[in-house]
Amino acid sequence: DNSVDEAIAGYASRIDVILKKDGSIMVADDGRGMPVEIHPEEKMSGVELIMSRLHAGAKFSTKDYNYSGGLHGVGVSVVNALSRELEINIKRGGHEYFIKFSNGVKTRELTVVRDIDKKKTGTCIRFWPDISYFDRPSFSESALKLALKSKAILCRGLVTTFFNESTGEKKTWKFDQGIDEYMNNILDSRQCIFPSCFT
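Residues numbered from 1 in each chain as written. Predicted model: local features only at pLDDT ≥ 70, side-chain atom pairs only at ≥ 80, totals over all residues. Heavy atoms only, no water.

**Brief notes about the packing of aromatic side chains**
Item 1. For the structure on display, the rule yields two aromatic pairs.
Item 2. Between the aromatic rings of Phe127 and Phe139, the centroid separation amounts to 6.0 Å while the plane-to-plane angle is 75°, which identifies the pairing as edge-to-face. Placement of the pair is Phe127 in strand 6 (residues 122-129) and Phe139 in the loop between strand 6 and helix 4 (141-154), with a sequence separation of twelve residues.
Item 3. Here Phe127 falls in the buried class, since its relative accessible area comes to 14%.
Item 4. Both rings, one in Phe175 and one in Tyr182, keep their centres 6.2 Å apart while their planes meet at 85°; by these two values the pair is edge-to-face.
Item 5. The lysine or arginine in question, Arg32, covers the ring of Tyr11, its NZ or CZ lying 3.8 Å from the ring centre.
Item 6. For Lys170, the ring lying beneath its charged end belongs to Phe163, and the centroid distance is 5.5 Å. (Phe/Tyr/Trp six-rings, centres within 6.5 Å; stacked < 30°, edge-to-face > 60°. Helix = DSSP H or I, 4+ residues; strand = E, 2+ residues; numbered from the N terminus. Buried < 20%, exposed > 50% of the residue type's maximum accessible area, 1.4 Å probe, protein only. Lys NZ or Arg CZ within 6 Å of the ring centre and 35° of its normal.)

**Digging into the layout of surface pockets**
Item 1. If you add up the space inside the second largest pocket, you get close to 180 Å³.
Item 2. Along its surface, the second largest pocket is lined by 13 residues, and Ala28, Asp29, Lys91, Thr123 and Cys124 are the ones closest to its centre.
Item 3. Listing elements by their share of the lining of the second largest pocket, those giving two or more residues are strand 1 (14-19), strand 2 (25-29), strand 3 (83-92) and strand 6.
Item 4. For the lining of the second largest pocket, the per-class residue count stands at three nonpolar, four polar and six charged. (1 Å grid on protein atoms, 1.4 Å probe; cavity = no way out; pocket = protein on both sides within 12 Å on 5 of 7 lines; lining within 4 Å. Points joined across faces, edges and corners; volume = space filled by probe spheres on them. Nonpolar A, V, L, I, M, F, W, Y, C, P; charged D, E, K, R; others polar.)

**Notes on the pairing of strand 4 (residues 95-102)**
Item 1. In this sheet, strand 4 lies alongside strand 3 in antiparallel orientation, the contact comprising seven bridges. Looking at strand 4, one finds that Glu87 is bridged to Lys100.
Item 2. Connecting strand 3 to the antiparallel partner strand 4 that follows it, the hairpin turn spans two residues, and Gly93 within it adopts a positive phi of roughly 60°.
Item 3. Pairing between strand 4 and strand 5 (residues 105-115): seven bridges, direction antiparallel. Bridged to Glu96 within strand 5 is Arg114.
Item 4. Linking strand 4 back to strand 5 in an antiparallel pair, the connection comprises two residues, with Asn103 at a positive phi of about 50°. (Pairing = 2+ DSSP bridges.)

Interpretation note: all reported values are geometric properties and have no functional meaning in isolation.
Listed below in structure tokens is the structure:
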């Protein structure tokens, strides 16, 4: 949802989800990259604040997003708290940054790992859920695919991809006309009241 919010705001065009062989999952986008600057009041980086405090997301104000599908600063911090490990790579301002957490607690400080082209931006989060919190130890592939396809339908032109490292399965979704294109595909040979979709 955080990646989709970047797309809705016009900053991201692609979201890639990779189900890793070791049971972790990776979510990457080409948005602006999570904030790395030190928060003036909290005295910690923006990414650390977002990942470790409830309601710290930008969606509680109107400064960054007019519309949002996320949980308003709750979702990603809960994911962090319920993960035995979580790593983030951020591309922003000509640098690639890295920070790491374990069960919601920072285990590696935010550091610059390399210099990059200033035009390259984005966020890549990889996490290993703590399976003691869940009914089953693995992600639902069908739920992931449905979510990625739905996001592509609702965000015209957004590319979403799914890759399962264990099986080699790859899926890509992109709907240049958004929900119109999706409905035309579904209604393909059916007789409809109107000759073509309109929105």
